[in-house]
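# Overview (structure and organization)
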Amino acid sequence: MRLIVTTTDSIEGCRIADYIDVLRSSVVVGNDIALSDLFGGSRKYNNKLNDIYDKAMQGLRLKAVIAGADAVVGLHTDFEEVFGKGKTRMVVSMVGTAVKLDGSPKCLPEDNKSASVSMYALHRQHMLVSIRKKLDNNDFSLNEDDWSCILKYSLTDLALPLYNRYLVVSTQTISNVPLFERKLLLDNFIPLIQSMDFDDAVKVVYSDLDTAPECSSVIIKECNLFAPSMIVNMLESERKHTIIALLKSDKPFYTAQDLADMDKIVDFLDNLPDTGRYIEGRGGVFSKTGTLLVCERGHKSAVELGGHCTESLEGSGAVCNLNVKGITEAEVAAIASFKEKVEVLRAILNREL
């Protein structure tokens, strides 16, 4: 049966029996078109536009077929150009609703021998199957051609297993993964995430923030994947350092719901439980307050109330720097900056700025 794709919310002669899901398809092509090509109706430019439009459409159709849809309605296409250093990166994003139709001969053409599959769709599915086999076999031998295909055909279906692998490889100082293959993974994974739809990328990256928190927070910051609603779901004191590390990240657009979730994050941080304690200073005047901070690591140091531990960490030479809440001076500064950001966002949404 032929899949119908339309910009309208209905299909003439058909009744929508079920709404399956909202589908998204994005294609990014960059850095091979000079600004000079944009003027005078450049054939190279027009061909590139048609190429990435077709790829985005093929990706959407493929997702619809996999979802078991008969049609995609309400198709909306966004086109964006990002300029820099005399080059431009082009992005086409398509969004539509996959639906099942109450079939009739007129609105649902039957399969026939004239049905065709595009070269792009065939190559994409072939590469998806081939590379997935390598990942399923825990085979790290993804080569340059594999990564070229992953990015060229936007094989975002592979993002989750590649993310799990990325976290493991990035945290290993000694690895059984050959250096060349390790470098390919570390160099190409973030561009893959950057090519994805925001919601899809968030689902991948937030699926595991505990294996390598620092690595995950770097990805989230670099790819602008700050997701307040996801962070609200992980508000536990044991994960405070991971949560604070995410405060410096951003997202493309903010909504009133984001503000509400950010308020919840602020409230959580304002009410962190004490993990250390203060005790009476002994053996003289240890500080202006006459107290000692006993941090969660058991260090004792003479500091002002609200101050940070000044004891050295054994074997590293670094200073402990935890306060009674178990957070460092840098983390306190990050929280303060985040609170300012929340208030600025509130003022903008309330049109006070």
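Residues numbered from 1 in each chain as written. Predicted model: local features only at pLDDT ≥ 70, side-chain atom pairs only at ≥ 80, totals over all residues. Heavy atoms only, no water.

## Overview of the nonpolar core
How we decide: Nonpolar cores were defined as sets of buried Ala, Val, Leu, Ile, Met, Phe, Trp, Tyr and Cys residues, with membership established by side-chain atoms within 4.5 Å. Partly exposed describes any residue whose relative accessible area lies between the buried limit of under 20% and the exposed limit of over 50%, with all areas from a 1.4 Å probe on protein chains only and scaled to the type maximum. We call two residues in contact whenever any of their non-hydrogen atoms come within 4.5 Å of each other.
Counting 60 residues, the largest nonpolar core has Ile-150, Leu-162, Ile-193 and Ile-219 as its most contacted members. Ignoring sequence-local partners within four residues, the contact set of Ile-150 consists of Ile-131, Leu-142, Leu-155, Leu-158, Leu-162 and Leu-192. By size, the runner-up hydrophobic cluster in this structure holds 15 residues, among which are Leu-3, Val-27, Ala-56 and Val-72.

## Description of the pattern of salt bridges
Applied cut-off: Any Lys or Arg side-chain nitrogen located within 4 Å of an Asp or Glu carboxyl oxygen qualifies as a salt bridge. A run of H or I in DSSP counts as a helix once it spans at least four residues, and a run of E counts as a strand once it spans at least two, with each numbered from the N terminus.
Taken as a whole, this structure holds 15 salt bridges when the rule is applied. The partner of Lys-183 in a salt bridge is Asp-187, and the shortest N-O contact between them spans 2.6 Å. Of this pair, Lys-183 and Asp-187 both sit in helix H5 (residues 179-194), 4 residues apart, roughly one helical turn. A relative accessible area of 41% places Asp-187 in the partly exposed class. With a closest N to O distance of 2.9 Å, Lys-325 and Asp-274 form a salt bridge. Of this pair, Lys-325 sits in the loop between strand S7 (300-302) and helix H11 (329-349) while Asp-274 sits in the loop between helix H10 (256-270) and strand S5 (277-280), and the two are 51 residues apart along the sequence. Through salt bridges with shared partners, one network takes in Arg-24, Asp-197 and Asp-199.

## Brief notes about the confidence of the model for the chain
Low-pLDDT stretches of the model should not have their predicted coordinates read in fine detail. Just so we agree on the cut-off: Every residue carries a pLDDT, the predictor's confidence in it, which falls somewhere between 0 and 100.
The pLDDT averaged across the chain works out to 83; a share of 82% of its residues lies at or above 70. Within the chain, the lowest mean pLDDT, 77, falls on strand S2 (residues 15-34), and the highest, 97, falls on H10. Note that pLDDT drops below 50 for residues 283-289; the model gives that stretch 10 contacts with residues more than four away or on any other chain.

## Observations regarding H11
The following threshold applies: To estimate how far a helix should extend, the number of its residues minus one is multiplied by 1.5 Å.
Taking 1.5 Å per residue as the helical rise, H11 with its 21 residues ought to reach 30 Å, and the 30 Å between its terminal C-alpha atoms agrees with that figure. For H11, every residue scored as buried is listed here: Glu-331, Ala-334, Ile-335, Phe-338, Val-342, Leu-345 and Ala-347. Buried-residue contacts for H11 involve helix H9 (240-246) and H10. Positive backbone phi, approximately 60 degrees, marks Arg-351, located one or two places after H11.

## Observations regarding empty space enclosed by the protein
The condition is simple: Each cavity reported here is a set of points on a 1 Å grid over the protein atoms alone in which a 1.4 Å probe fits but cannot get out, each pocket an open set with protein on both sides within 12 Å along at least five of seven lines, and each lining residue one with an atom within 4 Å of a point. Grid points are joined across faces, edges and corners, and a volume is the space filled by probe spheres set on the points. Residues were grouped as follows: Ala, Val, Leu, Ile, Met, Phe, Trp, Tyr, Cys and Pro as nonpolar; Asp, Glu, Lys and Arg as charged; and all remaining residues, including Gly, as polar.
All told, the structure shown has 2 cavities of 30 Å³ or more when counted by the stated rule. Taken together, 16 residues line the largest cavity, and the ones lying closest to its centre are Ser-25, Ser-26, Lys-63, Ser-154 and Thr-156. Contributing elements (two or more residues each) for the lining of the largest cavity: S2, helix H1 (43-66) and helix H2 (119-136). The dominant element in the lining of the largest cavity, judged by the number of residues it contributes, is S2, at 4 residues. When the residues that make up the lining of the largest cavity are grouped by side-chain class, the tally is 4 nonpolar, 6 polar and 6 charged.

## Side note on the sheet that holds S5
This is how the line gets drawn: Whether two strands pair depends on DSSP finding at least two bridges between them. Axes, fitted as lines to C-alpha atoms, cover a helix only where it is in contact. Angles between the N-to-C directions of the axes lie from 0 to 180 degrees.
On the basis of which strands lie adjacent, the open sheet formed by 3 strands has the order S5-S6-S7 and antiparallel pairing. Strands with a single pairing partner mark the edges of an open sheet, and in this sheet they are S5 and S7. Strand-to-strand twist of the sheet, defined as the mean angle between neighbouring strand axes without regard to direction, takes the value 35 degrees. Pairing between strand S6 (residues 291-294) and S7: 3 bridges, direction antiparallel. Its bridge partner lying in S7, Val-294 is registered against Lys-300.

## Quick word on the layout of surface pockets
Here the largest pocket defines a volume of roughly 840 Å³. Contributing to the lining of the largest pocket are 28 residues, with Glu-80, Met-196, Asp-197, Phe-198 and Pro-252 lying nearest its centre. Looking at the lining of the largest pocket, the elements with two or more residues in it are S2, strand S3 (71-84), strand S4 (87-102), H5 and helix H6 (198-205). For the lining of the largest pocket, a count of residues per class yields 14 nonpolar, 6 polar and 8 charged.

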